[in-house]
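Listed below, chain by chain, are the residues.
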Amino acid sequence: MSSALARYESFLVAHVSTISSLESSLRSITWILPGRFKDAELASEALSAILNVMSMYHDTLLARVAQTDPKYKPLIPSSAHTRYTRAWCERDARYKWAARALELIRFTELLMEMGLRRRVSRKTRWRGIVFLEAIKALLRIVLLRITRRPLVSPPIPEREFDPENIPAGSDTSSPTLAPSSPPSSLPSTPDHLKNNHIPLPPHPLLTPPPPAHSPIPVEEFLLPKALTTSSVKAPTSLVKPLASPKEWLSEVIYHVRPLVYAIMLSSGRKDNKPLMTALAMELLALNLRRVPSQSSALERSEYARRDRDILWYLLRGSIWDTWTRPKLESFANRTAHTPLIGVFGALLKDWIPLIDEYYYYTAP
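Fair warning: this is a prediction, and the values are worked out from it, not measured in the lab.

### Here's the deal with the packing of aromatic side chains
Scanning all chains against the criterion turns up eight aromatic pairs. Taking the centre distance of 5.3 Å and the plane angle of 65° together, the rings of Trp 126 and Tyr 359 count as edge-to-face. A residue pair is termed long-range when its members are at least 10 positions apart, and Trp 126 in helix H6 (residues 122–147) and Tyr 359 in the segment after helix H13 (341–357) qualify at 233 residues. Comparing Trp 126 with Tyr 359, the two get one shared label, buried. On the numbers, 5.5 Å between centres and 85° between planes, the contact of Trp 351 with Tyr 361 is edge-to-face. Here the residue Trp 351 occupies a position in helix H13, and Tyr 361 occupies one in the segment after H13, the gap between them amounting to 10 residues.

### What to know about the confidence of the model for the protein chain
Per-chain confidence: the protein chain averages 84 in pLDDT, with 79% of residues scoring 70 or above. In the model of the protein chain, helix H7 (residues 218–222) stands out as the element of lowest mean pLDDT, 62, in contrast to H6, which has the highest, 97. Segment residues 170–184 is flagged for pLDDT under 50; beyond a separation of four residues in sequence, or across chains, it makes 15 contacts in the model.

### A few points about a nonpolar patch on the surface
There is a patch of nonpolar side chains on the surface, built from Ile 29, Trp 31 and Ile 32 and spanning about 320 Å² of accessible area. Structurally, Ile 29 is set in helix H2 (residues 16–29).

### Considerations on the environment of Lys 96
Among the secondary structure elements, Lys 96 is positioned in helix H5 (residues 93–119). Put simply, Lys 96 and Leu 143 are 47 residues apart on the chain and 9.2 Å apart in space, counted from C-alpha to C-alpha.

### Describing the side chain of Arg 149
Mapped onto the elements, Arg 149 comes out in the loop between H6 and H7. It turns out Arg 149 is buried and unbridged, and the closest side chain with the opposite charge, Glu 299, is 8.4 Å from it. A distance of 2.7 Å separates a polar atom in the side chain of Arg 149 from the backbone oxygen of Val 239. Not counting the four nearest positions on each side in its chain, Arg 149 is found in contact with Tyr 84, Trp 88, Leu 144, Thr 236, Val 239, Lys 240, Pro 241 and Leu 242.

### Thoughts on unusual backbone geometry
Pro 154 follows Ser 153 through a cis peptide bond whose omega is -5°. Backbone geometry at Asp 39 places phi at a positive 60°, although glycine is not the residue there. Positive phi outside glycine occurs at Leu 340, with the angle close to 65°. Relative to the elements of secondary structure, Leu 340 occurs in the loop between helix H12 (317–334) and H13. For Leu 340, a relative accessible area of 69% translates into the label exposed.

### Remarks on the pattern of salt bridges
Following the criterion strictly, the structure yields 17 salt bridges and no others. Across the salt bridge formed by Asp 307 and Arg 289, the nearest N and O atoms sit 3.0 Å from each other. Placement of Asp 307 in helix H11 (residues 297–309) and of Arg 289 in the loop between helix H10 (273–288) and H11 is noted, with a sequence separation of 18 residues between them. For Arg 325, the salt bridge identified is with Asp 356, shortest N-O distance 2.8 Å. Note that Arg 325 is positioned in helix H12 and Asp 356 in helix H13, a separation of 31 residues in sequence. What makes Arg 325 partly exposed here is its relative accessible area of 22%. The network of salt bridges with common partners includes Glu 251, Glu 302, Arg 305, Arg 306 and Asp 309.

### Let's talk about the nonpolar core
Ranked by size, the top nonpolar core spans 40 residues in total, and within it Tyr 84, Tyr 95, Leu 143 and Tyr 359 carry the most contacts. Only helix H4 (80–91), H5, H6, helix H9 (245–266) and H10 provide two or more residues apiece to this core. At nine residues, H6 tops the list of elements feeding residues into this core. Among the nonpolar cores identified, the runner-up in size contains five residues, and Ile 253, Tyr 254, Met 281 and Leu 288 belong to it.

### As for the packing of helix H3 (residues 40–68) against H5
Closest axis-to-axis distance for the H3/H5 pair is 10 Å, and the angle between their directions is 165°. Of the possible angle classes, the one that applies to H3 and H5 is roughly antiparallel. Judged by the twist between their axes, the crossing of H3 over H5 is left-handed. Residue-level contacts link Glu 41, Leu 42, Glu 45, Ala 46, Ala 49, Asn 52, Val 53, Met 56 and Thr 60 of H3 to Arg 100, Glu 103, Leu 104, Phe 107, Thr 108, Leu 110, Leu 111, Met 114 and Arg 118 of H5. Its residues assigned to classes, the contact of H3 with H5 shows 10 nonpolar, three polar and five charged.

The rules behind each value
Within every chain, residues take consecutive numbers counted from 1 along the sequence as written. Given that the model is predicted, a residue must reach a pLDDT of at least 70 before its local features are reported, and side-chain atom pairs must reach 80 or more before they are shown or counted; all residues, however, enter totals for whole chains, interfaces and linings. Based on all heavy atoms of the structure, the side-chain values leave hydrogens and waters out of the count. Only centres within 6.5 Å qualify two rings of Phe, Tyr or Trp (six-membered ring in Trp) as a pair; their planes then separate them into stacked at under 30 degrees, edge-to-face at over 60, and tilted for everything else. Think of it this way: any DSSP run of H or I at least four residues long counts as a helix, any run of E at least two long counts as a strand, and we number them from the N terminus. Think of it in three bands: with a 1.4 Å probe and only protein chains considered, a residue is buried below 20% of the maximum accessible area for its type, exposed above 50%, and partly exposed in between. Confidence of the prediction at every residue is given by pLDDT, a number between 0 and 100. Between two residues, a contact is recorded if the distance between any of their heavy atoms is within 4.5 Å. A patch consists of residues whose relative accessible area exceeds 30% and which take part in no salt bridge; residues with like charges are grouped when within 9 Å of each other, and nonpolar side chains (Val, Leu, Ile, Met, Phe, Trp, Tyr) when within 5 Å. Only the protein chains shown count as cover for residues, and the accessible areas themselves come from Shrake-Rupley with a 1.4 Å probe. The salt bridge definition used is simple: a Lys or Arg side-chain nitrogen within 4 Å of an Asp or Glu carboxyl oxygen. Residues counted as positive are Lys and Arg, residues counted as negative are Asp and Glu, and His and the chain ends are not counted. Under the rule applied, a polar contact is a pair of N or O atoms within 3.5 Å (in protein, one hydrogen donor and one hydrogen acceptor; residues adjacent in sequence only if both atoms are side-chain atoms). The criterion is simple. A nonpolar core is a set of buried Ala, Val, Leu, Ile, Met, Phe, Trp, Tyr and Cys residues joined through side-chain atoms within 4.5 Å. To define axes, lines are fitted to C-alpha atoms, for helices over the stretch in contact only, and angles between the resulting N-to-C directions are given on a 0 to 180 degree scale. Convention used here: angles under 35 degrees read as roughly parallel, angles over 145 as roughly antiparallel, angles from 65 to 115 as roughly perpendicular, and any remaining angle as oblique. What makes a crossing left-handed is the near helix being turned counterclockwise from the far one by less than a right angle; a clockwise turn instead makes it right-handed. Side-chain classes follow a simple rule in which Ala, Val, Leu, Ile, Met, Phe, Trp, Tyr, Cys and Pro form the nonpolar group, Asp, Glu, Lys and Arg form the charged group, and the remainder, Gly included, forms the polar group.

Take a look at the structure:
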């Protein structure tokens, strides 16, 4: 088994460009499969889950190859999120495996729900959903306990480099590789150019026109290139520890909110209580959380993402049934015969029933 895995890893590194293109093409197909044939959404989600799991494995392997290759020099420095999550993965094995387990569940939860819906009763399906949400809540609390800091999403490093730029172990040059030593000899000058020391007079058609505006001030040019406080901080210090019971309560409420929402929906309630309870917990966590400083860019971006996620409530409960879905259906019907826009309307009509049938399409 280990030899087969080693051969696959060698094949991946040698053909990383082809595999990356294949992943991208297959991922695009998953968006247009639902509604094409019977159980198309199951095939689409199975393909998406496989691609996500394989991509997570490939990212881990390629990042390890890039770190161990002394010739690999990234063109762009790693983001604060990548530095922070990679530091915690390297510092604590419990964090690494809990974060990977959490992402693995996130990649496959919708596929498991589709399988349960086809095999078991509604009550058993909701028991499975609540069980998954309980595991996710437990893993988030474990990560929170290990880091003692607000969790970022995703909790593992994301791919920030082009896989095609990973050195494949050959002597071929790559735009991301910096030579470790200068070449032994410079290329010789052709004979017909050796005595070309006198430049030709500039031609009017080839002379660039004078600039239409004043050059950029030196300060504006250098400011984006200057180091920020986040660039020199230790990776684990990019997010400050939780310092008060109020901050801890905010994080705990935010991360157990999906479990409470799933438990209330599993009872078969048709009123607005599950939706209002989840929204109230979301707003309570928002009001209890601390205000990050201007230098805490990573924490501010995480809170901004959480604020944007509130828009998902437009696709849940009575808000979806009475306001959002009628408007989307009306848009799809009006644009059915409109060129180009009608294609998006048709895709929208294929996705609307899936939001009604499956919890994890719009789960918190």
